[in-house]
Amino acid sequence: MSINRYLEETASKLIIKGNEKESIDVSLNTFKDRMRDYFSKNESVNLKEIKVFGSYQRDTNLPQSVDYGTDVDIMLVMDNDGSTPQTYLDRVRRGVEAKYSTSQIRQSSPTVVLQMLHIKFEITPAIMDRGLYRIKNNRNEWIYTFCALDFSNLTIANKNNHYMIKPLLRLLKYWNVSKNYKAFSSYELEKIMVNYYQQSQYQGYDLKKYLLTGMNELYKLSTYNYQKERLDKAIYNIKEAIKDEEKYPSCAMSEIKEVIGEL
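Residues numbered from 1 in each chain as written. Predicted model: local features only at pLDDT ≥ 70, side-chain atom pairs only at ≥ 80, totals over all residues. Heavy atoms only, no water.

Section: the nonpolar core
In plain terms, the rule: In plain words, nonpolar cores are sets of buried Ala, Val, Leu, Ile, Met, Phe, Trp, Tyr and Cys residues tied together by side-chain atoms within 4.5 Å. Type-normalised accessible area, obtained with a 1.4 Å probe on protein chains alone, sets the label of each residue: buried when under 20%, exposed when over 50%, and partly exposed for intermediate values. Secondary structure elements are taken from DSSP: a helix is a run of H or I of four residues or more, a strand is a run of E of two residues or more, and numbering for both begins at the N terminus. Throughout, a contact is declared for two residues whenever any of their heavy atoms are within 4.5 Å.
Counting residues in each nonpolar core, the largest one holds 40 residues, and the members touching the most others are Leu7, Trp175, Leu211, Met215, Leu218 and Ile256. Among the secondary structure elements, those contributing two or more residues to this core are helix 1 (3-13), helix 5 (147-160), helix 6 (165-178), helix 7 (186-197), helix 8 (207-217), helix 9 (225-244) and helix 10 (249-259). No other element matches the 8 residues that helix 6 contributes to this core. In contact with leucine 211, other than residues within four places in its own chain, are Leu7, Leu168, Leu171, Leu172, Ile238, Ile256 and Ile260. Judged by nonpolar contacts, the second largest core, of 29 residues, contains Ile16, Val72, Tyr88 and Tyr100.

Okay, structure coming up:
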């Protein structure tokens, strides 16, 4: 098996699909129905929209079997009645507690976290302002969120690079979980990659080259020596795998598996 084939198969296994995807989508639809019912009967403010955003919407998060911390980000978009962001968060919390009384629920400002057996929902209140979403931050202030732009930027980067960026992101996130112990923020990791690849960085269909370039870009996130050392090790192994692939394919496969292990 070639290195590229191995990486492609691993990236495919890192897609949330099948029963897991179906289960999450059923839970999402149930959640939406329950929140609409709750707000229509119990809160004075109108619930305008329930929007899924973040890595689940962008199809770049990892299965729970790989990353137990994987979640679905949800905005409850309400009319702006002038209340404080905390008041809006309290409304979200009351709604979730009323409809999920047997589930584990906690407030983790600026979100309400609903933990279920198969997935975690992170729910944040939102309002609309001049066509843009505003959400609560940790200082109880409204801030703009550019989730629509995040989605479109990734779409452009993926298209401009032969649809290699989503597989690359899954591989890098898997490395970040399994080898880097989530030392990098998943969102920041994705943002770095999308910013770099939004303009076509032509590397054909050579996923191992994308992986090497992506690892080098992650130096921008490294703050501590241990993070740099883990990147040094990963980059060294990728380069060795590329160098050895033609003459020593078994060595090359062992070296790439040091970076992206088997699932």
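With respect to the pattern of salt bridges
Which entries qualify depends on this criterion: Throughout this description, the term salt bridge denotes a Lys or Arg side-chain nitrogen within 4 Å of a carboxyl oxygen of Asp or Glu.
Summed over the entire model, instances satisfying the criterion amount to 24 salt bridges. In this structure, arginine 93 engages glutamate 97 in a salt bridge whose closest nitrogen and oxygen atoms are separated by 3.4 Å. Of this pair, arginine 93 and glutamate 97 both sit in helix 4 (residues 85-99), 4 residues apart, which is roughly one turn of the helix. Between glutamate 262 and lysine 257 there is a salt bridge, and its shortest N-O distance comes to 3.4 Å. Exposure remark for glutamate 262: the relative accessible area of 58% places this residue in the exposed category. By sharing partners, the salt bridges in this structure join Asp206, Lys208, Lys209 and Glu245 into a single network.

A short note on the packing of helix 6 against helix 7
Convention followed: In this description, a line fitted to the C-alpha atoms serves as the axis of each element, helices being fitted only across the stretch in contact, and the angle between N-to-C directions of two axes falls anywhere from 0 to 180 degrees. Crossings are sorted by hand: turned counterclockwise from the far helix by less than a right angle, the near helix makes the crossing left-handed, and turned clockwise it makes it right-handed. In this classification, Asp, Glu, Lys and Arg are treated as charged, Ala, Val, Leu, Ile, Met, Phe, Trp, Tyr, Cys and Pro as nonpolar, and every other residue, Gly included, as polar.
Relative to each other, helix 6 and helix 7 sit at 145°, their axes nearing to 10 Å. Between helix 6 and helix 7 lies a crossing of right-handed hand. Counting all contacts with helix 6, which are made through Ile165, Leu168, Leu169, Leu172, Lys173 and Asn176, the residues of helix 7 involved are Ser186, Leu189, Glu190, Met193 and Tyr197. When the residues that make up the contact of helix 6 with helix 7 are grouped by side-chain class, the tally is 7 nonpolar, 2 polar and 2 charged.

What to know about the packing of aromatic side chains
Filter applied, for reference: Stacked, tilted and edge-to-face are the three classes applied to pairs of Phe, Tyr and Trp rings, where Trp contributes its six-membered ring and a pair requires centres within 6.5 Å; stacked means planes under 30 degrees apart, edge-to-face means over 60, and tilted covers the rest. Any Lys NZ or Arg CZ found within 6 Å of a ring centre and within 35 degrees of that ring's normal is scored as a charge over the ring.
Within this structure, the stated rule accounts for 9 aromatic pairs. Geometrically, the ring pair formed by tyrosine 196 and tyrosine 197 is edge-to-face, given 4.9 Å between the ring centres and 90° between the ring planes. Classification of tyrosine 196 by relative accessible area gives partly exposed; the value is 26%. Assessed through its relative accessible area of 0%, tyrosine 197 is described here as buried. Counting every residue linked through ring pairs, the aromatic cluster contains Phe31, Tyr100 and Phe121. Above the plane of the ring of tyrosine 100 lies arginine 34, whose end atom (NZ or CZ) is 4.7 Å from the centre. When the ring centre of tyrosine 144 is taken as reference, the NZ or CZ atom of arginine 134 above it lies at 4.7 Å.

Notes on the side chain of glutamate 255
Definition in use: Neither His nor the chain ends is counted toward charge; the positive residues are Lys and Arg and the negative residues Asp and Glu. Any N or O atom pair separated by 3.5 Å or less is treated as a polar contact, with the protein-specific requirement of one donor-capable and one acceptor-capable atom, and with residues adjacent in sequence counted only for side-chain atom pairs.
Structurally, glutamate 255 is set in helix 10. For the buried residue glutamate 255, which engages in no salt bridge, the nearest side chain bearing the opposite charge is lysine 243, 7.2 Å off. Of the polar contacts made by the side chain of glutamate 255, one reaches the backbone nitrogen of alanine 241; its length is 3.2 Å. With residues up to four places along the chain from it excluded, the contact list for glutamate 255 reads Asn237, Glu240, Ala241 and Asp244.

Re the layout of surface pockets
Quick note on the threshold: Using a 1 Å grid laid over the protein atoms alone, points where a 1.4 Å probe fits but cannot get out form a cavity; open sets with protein on both sides within 12 Å along at least 5 of 7 lines form a pocket; any residue with an atom within 4 Å of a point counts as lining. Grid points are joined across faces, edges and corners, and a volume is the space filled by probe spheres set on the points.
The calculated volume of the largest pocket comes to roughly 890 Å³. Among the elements of the structure, helix 3 (54-58), strand 2 (71-78), strand 5 (120-129), strand 6 (132-136), strand 7 (142-145), helix 5, helix 6 and helix 7 are those that each provide at least two residues to the lining of the largest pocket. In terms of residue count, helix 7 provides more of the lining of the largest pocket than any other element does, 4 residues in total.

Observations regarding the environment of threonine 84
Within the fold, threonine 84 resides in the loop between strand 2 and helix 4. Each C-alpha atom of the pair threonine 84 and tryptophan 142 lies 8.6 Å from the other, and the pair is 58 residues apart in sequence. Side chain to side chain, threonine 84 and threonine 87 meet in a polar contact 2.9 Å long.

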